[in-house]
Amino acid sequence: MFEIMTFYDLLGVEQNASRAEIKEKYQKLVRQVHPDKQELCDSNHFIEIDKAWKVLGDEDERRRYDAELLEKELENEICIQETIDSSMLSKARDVFYYPCRCGDTFSVEESQFKDHSQNDLLLGCNGCSLFIKIIFSEINVKL
């Protein structure tokens, strides 16, 4: 497992920091690294700090970013057997399924499947600790 540098790390705040705390840190960092204030400043560092603020300073963007971080964290902690397209799933009654190498299956009810059709889905095997990642490039599931 590896650590990823997050926008929170870049700004030096905790993930549960308030918007006001994030803004304060951002403004302090901008004063320190702004290319107009520092001759030897790395402009890429300033750009990254500005990008972090644009995401973390906007409530909707921050919520999306936090969800992406959680997904990356989960992917690092679990064993993903493979990534498959949703069209590779089979269907029986109201359940979509995919075989696992342990002999059991990964399965998801149709209602849950439809709820995730706009996002990738991590699905655990019913018989072991493996996961698959289902991507929804097109919903063309075999009947």
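Just so we're clear, the structure is a prediction, and the values are computed from it rather than from any experiment. Just so you know, the residues in each chain are numbered from 1, in the order the chain's sequence is written. Selection of residues for local features in this predicted model requires a pLDDT of at least 70, selection of side-chain atom pairs for listing and counting requires 80 or more, and totals for whole chains, interfaces and linings are taken over all residues. Where side-chain values are given, they derive from all heavy atoms of the structure, hydrogens and water being excluded.

I'd like a description of the pairing of strand 6 (residues 130-135), backed by residues and values.
Two faces belong to every sheet, and in a regular strand the side chains alternate between them. At least two DSSP bridges between two strands are required for those strands to pair. In DSSP terms, a helix is any run of H or I states spanning at least four residues, a strand is any run of E spanning at least two, and both are numbered starting from the N terminus. When strand 1 (residues 79-85) meets strand 6, the two strands line up parallel, connected through 6 bridges. In the sheet register, Ile80 faces strand 6, and the bridge partner there is Phe131.

An account of the side chain of Thr6 is needed here, citing residue identities and associated values.
Checked against the element boundaries, Thr6 lands in the segment before helix 1 (7-11). Here the side chain of Thr6 touches Asp9 through a polar contact of 3.0 Å, landing on its backbone nitrogen. Note on definitions: a residue-residue contact is assigned when non-hydrogen atoms from the two residues lie within 4.5 Å. In this view, Thr6 contacts Tyr65 and Leu69; residues no more than four positions away in its chain are not counted. By the criterion applied in these results, polar contacts are pairs of N or O atoms within 3.5 Å in which, for protein atoms, one can donate a hydrogen and the other can accept it, and in which residues neighboring in sequence qualify only through two side-chain atoms.

Describe the sheet that holds strand 1, naming the residues involved and giving the relevant values.
In spatial order, the strands read 1-6-5; together these 3 strands make up an open sheet with mixed pairing. At either end of the open sheet lies a strand with only one pairing partner, and these are strand 1 and strand 5 (121-124). Neighbour to neighbour, the strand axes of the sheet diverge by 25 degrees on average, direction disregarded. Axis definition: a line fitted to C-alpha atoms, over the contacting stretch in the case of helices. Angles run 0 to 180 degrees between N-to-C directions.

For the nonpolar core, give the residues involved together with the corresponding values.
The tendency in soluble globular proteins is for nonpolar side chains to be buried as a group. Each nonpolar core is a collection of buried residues, namely Ala, Val, Leu, Ile, Met, Phe, Trp, Tyr and Cys, held together in the definition by side-chain atoms within 4.5 Å. Buried, partly exposed and exposed residues are distinguished by accessible area as a fraction of the type maximum, computed with a 1.4 Å probe on protein chains only: under 20%, between the cut-offs, and over 50%, respectively. Formed by 19 residues in total, the largest nonpolar core has its most connected members in Phe7, Tyr8, Leu11, Ile22, Ile49, Leu56 and Tyr65. Counting only elements with at least two residues in this core, the list comes to helix 1, helix 2 (19-33), helix 3 (43-56) and helix 4 (59-77). Broken down by element, the residue count for this core peaks at 6 residues, all from helix 3. Setting aside its immediate chain neighbours within four residues, Phe7 contacts Glu48, Lys51, Ala52, Val55, Leu56 and Tyr65. With 15 residues, the next largest nonpolar core counts Leu89, Val108, Phe113 and Leu121 among its residues.

Can you break down the pattern of salt bridges residue by residue, with the values?
In the sections that follow, a salt bridge refers to a side-chain nitrogen of Lys or Arg positioned within 4 Å of a carboxyl oxygen of Asp or Glu. Applying the stated criterion across every chain, the model contains 5 salt bridges. Across the salt bridge formed by Glu61 and Arg64, the nearest N and O atoms sit 2.8 Å from each other. Placement of the pair is Glu61 and Arg64 together in helix 4, with a separation of 3 residues, close to one helical turn. Measuring nitrogen to oxygen at the nearest pair gives 3.1 Å for the salt bridge that ties Glu110 to Lys91. On the criterion of sequence distance, the pair formed by Glu110 in helix 5 (residues 110-115) and Lys91 in strand 2 (residues 90-92) is long-range, its members being 19 residues apart. On the basis of relative accessible area, Glu110 is assigned to the buried category, the value being 18%.

Talk me through the environment of Asp104; I want residue IDs and the actual numbers.
Topologically, Asp104 is positioned in the loop between strand 3 (95-99) and strand 4 (105-109). Residue Asp104 is classed as partly exposed on the basis of its relative accessible area of 29%. Aside from chain neighbours lying at most four places away, what touches Asp104 is Pro99, Cys125, Asn126 and Gly127. Separated by 3.4 Å, the side chain of Asp104 and the backbone nitrogen of Gly127 make a polar contact.

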